[in-house]
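Fold and geometry: a report
Spelled out, the chains give:
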Amino acid sequence: MSFGQNFPVVFGGIMMLTLTIFTSCTNGENVPLSEEHKEEYLSKGKEITAATFAALSSSLTQAMKESGPTGAIGYCQLQALPLTDSLSRAFNATIKRTSDKLRNPANRPAEWELEVIRDYQKLMENGQEPKPRVFTVEDKVVFTAPIRVLPQCLVCHGQPEQDIAPETLQTLAERYPEDAAKGYKAGELRGIWSVSFNQK
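All values reported here derive from a predicted model rather than from experimental measurement. (Residues numbered from 1 in each chain as written. Predicted model: local features only at pLDDT ≥ 70, side-chain atom pairs only at ≥ 80, totals over all residues. Heavy atoms only, no water.)

1. Section: the side chain of threonine 171
Take threonine 171: it is sitting in helix H5 (residues 166-175). The residues contacting threonine 171, other than those within four sequence positions of it, are Thr70 and Ile73. (Helix = DSSP H or I, 4+ residues; strand = E, 2+ residues; numbered from the N terminus. Contact = heavy atoms within 4.5 Å.)

2. Side note on helix H2 (residues 35-91)
The end-to-end C-alpha distance of H2 is 22 Å, clearly below the 84 Å that 57 residues give at a rise of 1.5 Å each. The axis of H2 is deflected most strongly, by about 135°, at serine 67, and proline proline 69 appears within four residues downstream. The positive-phi residue at the C-terminal boundary of H2 is asparagine 92, with phi of around 55°. (Expected span 1.5 Å × (residues − 1). Bend = angle between axes of the 7 residues up to and from the residue.)

3. Section: the pattern of salt bridges
Throughout the structure, instances matching the rule amount to 8 salt bridges. Between lysine 44 and glutamate 47 there is a salt bridge; the shortest N-O distance is 3.5 Å. One end of the pair is lysine 44 and the other is glutamate 47, both in helix H2 and 3 residues apart, which spans about a single turn. For lysine 44, a relative accessible area of 31% corresponds to the partly exposed category. On the accessibility criterion, glutamate 47 (41% relative accessible area) is partly exposed. For arginine 148, the salt bridge is made with glutamate 129, and the minimal N-O distance between the two is 2.6 Å. Here the residue arginine 148 occupies a position in strand S3 (residues 140-148), and glutamate 129 occupies one in the loop between helix H3 (111-125) and strand S2 (133-137), the gap between them amounting to 19 residues. A relative accessible area of 14% means that arginine 148 is categorised as buried. A single network of salt bridges, built from pairs that share partners, joins Arg103, Asp179 and Lys182. (Salt bridge = Lys/Arg side-chain N within 4 Å of Asp/Glu carboxyl O. Buried < 20%, exposed > 50% of the residue type's maximum accessible area, 1.4 Å probe, protein only.)

See below:
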C-alpha cells in the first residue's frame, strides 16, 4: 500500500483530539483508559508511525530512483513487511498498515480495523477530518491514524493507464493478482495505521 500520509493529522499533537472508545468486535471487554494514558499512547503512536513512515518512505524513494515504479513494487513486496516487523520489535508494539482495498493480502484488516476505516470514510464524506484515536480491543491498547493518498502515490495507486503506466500495471498484475489498491485520487483515504500495545 502507499506510504502517503496527511502529516498534519499524524503530527497535530497540539490540537485537542477526540478520543473515541470503540466496542470491540471480539468477545473480550474493553477496559477504559484514563485521560493521562490516552494522551501517553496517542503521543507514542504518533512517534511510532512517524518513524515507520520515515524508514519505509526512505527505502521506497531509493528504490524508485534506482528502478522506477516497478522497482518500488518489488521493494514493497519483499521488504516492507520485514522492515515493519523489525520496527515493531524495536518499539515493543505491533505496527500495521491496512486498508479495505488490499494490494498485499498479508495486510488484511481485522474486523475492528475495518470499522475504523469505514468510520474515517464517513467523516471524510461529511467534510470532517479523520484524526488519530486511542482505544482498547480486548487486552490491547490500540492507536489508529489515517493514511491519505499523496500525489506521488498515484504512480502505483492511481487511475490505470492515466496515472499508472502500462508496464507498472503489468508488474502489479504479476506480483499481486488480486490487487484492489488502484483507482485512487490524491487526498483520498488509502487506509490506516494500526499500532497495538500491551496494556499497562
